[in-house]
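Listed below, chain by chain, are the residues.
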Amino acid sequence: MMERDYNSKLTVFVIIALVVIGGVIIANLLSFREIEKLTINQLLENKVTETKFAASQIETHVNKVRDELVTLSKFPFPDYLDDQECRLNLEEINHNSENKLDSFLLTNKEGTVVSCSSGDYKDYLGLNIKDKDYFRIPRETNEPYVTSVLKQGTNREIIVSVPL
């Protein structure tokens, strides 16, 4: 009889121990879920912060380029620009300000590209862009125009145009 009492007490003790261990496991699972949610929220907040920072830097850069072009648009350009050459020197044109321009293309009033700052764009000479928004809108509004990011082959570019 004593042995039976001992076995039933042992069984009750094992059951109680299993219930306690199960409770601890369930509590840990719930706390890990909360930690997972917290971690995911922190990662999302970090991504949003990084995206806002990158967008701010891009906006600042585009605004500097636009301001640089607006400044350039107030100065007369040399007469040799109508000779279909790529001999614009950005450093000479922009000697007084921080140069943010990567390349420079100049069109005549009809929208034909007549000069450029780099031989890389020599193929653009003679190209007529009168129907493109970046030519038409600044001409109509007399205000600078900034495109969204455009993909040209493997390159990405932002076109900023101003009327001269």
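The structure under discussion appears in the preceding block.
Small disclaimer: the values here were computed from a predicted structure and weren't measured. (Residues numbered from 1 in each chain as written. Predicted model: local features only at pLDDT ≥ 70, side-chain atom pairs only at ≥ 80, totals over all residues. Heavy atoms only, no water.)

J.: I'd love a proper account of the overall build of the chain, names of residues and values included.
T.: On a plain count of helices and strands, the chain comes out with 3 helices and 6 strands. Helices and strands appear in the chain in the N-to-C order α-α-β-β-α-β-β-β-β. The 164 residues of the chain split such that 20% are buried. A separation threshold of at least 6 residues defines the contact pool for the chain, and within that pool the share at least 24 residues apart is 48%. When the accessible surface of the chain is summed, it comes to about 12,800 Å², and 56% of that surface belongs to carbon and sulfur atoms. (Helix = DSSP H or I, 4+ residues; strand = E, 2+ residues; numbered from the N terminus. Buried < 20%, exposed > 50% of the residue type's maximum accessible area, 1.4 Å probe, protein only. Contact = heavy atoms within 4.5 Å. Areas by Shrake-Rupley, 256 points an atom, 1.4 Å probe, with all protein chains shown as cover.)

J.: Now, about the environment of Val113: what can you tell me, with residues and values included?
T.: Within the secondary structure, Val113 sits in strand β2 (residues 113–116). For Val113, a relative accessible area of 2% translates into the label buried. The spacing of Val113 and Lys130 is 17 residues in sequence and 9.7 Å in space, taken between C-alpha atoms.

J.: Could you give an account of the nonpolar core, with specific residues and numbers?
T.: Of all hydrophobic cores here, the largest spans 8 residues; its members are Val62, Val65, Leu69, Phe104, Leu106, Val114, Val160 and Val162. The element that contributes the greatest number of residues to this core is helix α1 (residues 2–73), accounting for 3 residues. (Core = buried A, V, L, I, M, F, W, Y, C linked by side-chain atoms within 4.5 Å.)

J.: Requested: an account of the pairing of β2, with residues and values cited.
T.: Sheet topology places strand β1 (residues 105–107) next to β2; 3 bridges connect them, and they run antiparallel. Considered in β2, the bridge of Leu105 is made with Cys116. In this structure, the hairpin formed by β1 and β2 is closed by a connection of 5 residues, where Gly111 is found at a positive phi of approximately 95°. (Pairing = 2+ DSSP bridges.)

J.: Run through unusual backbone geometry, naming residues and quoting values.
T.: Its identity as a non-glycine residue notwithstanding, Asn142 has a phi of 60°, on the positive side. Take Asn142: its relative accessible area is 57%, and that puts it in the exposed class.

J.: I'd love a proper account of the side chain of Ser161, names of residues and values included.
T.: Residue placement: Ser161 occurs in strand β6 (residues 160–161). Once residues within four sequence positions are removed from consideration, Ser161 is found in contact with Leu69, Tyr134, Pro138, Glu143, Pro144 and Tyr145.

J.: Could you give an account of the pattern of salt bridges, with specific residues and numbers?
T.: Evaluation of the coordinates by the stated rule reveals 3 salt bridges. Each of Asp133, Arg136 and Glu140 takes part in salt bridges that share partners, so that together they form one network. (Salt bridge = Lys/Arg side-chain N within 4 Å of Asp/Glu carboxyl O.)

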